[in-house]
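Close look at the chain arrangement
In case you want the letters, here they are:
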Amino acid sequence: MNKIISFILLALISGCATYKVELAENSSVAKIALNPDAPILVKQENLYPEGFQCFEPMLFVLTLGLIPTNCTDSYSASITTDQQKIVPLGSFKVTTIGGWAALIIAPLPQWRFGSPDKPEIEIRKLSAMSDK
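The model shown is predicted, which means the values in this text are computed figures rather than measured ones.

**Describing the pairing of strand S4 (residues 69–80)**
- Across the twelve residues that make up S4, a large majority, nine, are buried.
- Bridge count for strand S2 (residues 40–44) against S4 is five bridges, and the pairing is antiparallel. Paired with Lys 43 across the strands is Ser 76, a residue of S4.
- Across three bridges, strand S3 (residues 50–52) lies against S4 in antiparallel orientation. Looking across to S4, one finds that Phe 52 is bridged to Asn 70.
- Bridge count for S4 against strand S5 (residues 86–98) is twelve bridges, and the pairing is antiparallel. Paired with Asp 73 across the bridge in S5 is Val 94.

**Examining the environment of Glu 22**
- Note on placement: Glu 22 falls in strand S1 (residues 17–25).
- Residues Glu 22 and Phe 92, spaced 70 residues apart in sequence, show a C-alpha to C-alpha distance of 5.7 Å.

Parameters at a glance
- Residues numbered from 1 in each chain as written.
- Predicted model: local features only at pLDDT ≥ 70, side-chain atom pairs only at ≥ 80, totals over all residues.
- Heavy atoms only, no water.
- Buried < 20%, exposed > 50% of the residue type's maximum accessible area, 1.4 Å probe, protein only.
- Helix = DSSP H or I, 4+ residues; strand = E, 2+ residues; numbered from the N terminus.
- Pairing = 2+ DSSP bridges.

So, in structure tokens, the structure goes:
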């Protein structure tokens, strides 16, 4: 019975993930203040996640999460103004780390525990934090 409980706990912990959203380049998040209710248009720039063991996490599986995955997705974001003009906001990166390392990294200020929601929501949260 203890082996079953240990296996379940190990499987849960190895499935943990944490993520952060950060500004990459040429970002002007302050432009969201022009129209705070404007929808954010997000386009993913990379076809597949980039990073260590992201596409085929063989070491992650064999070590039950001791060797973490590190995935990065790149996005470009823009908003539509009241005059129906598209204003670019810049580039954003969403970095996700899975495995045991997520338990150590998750309490750090920029990181959030779990998997990222829609990029639009995360970029809006990031802009709300930068306005303060």
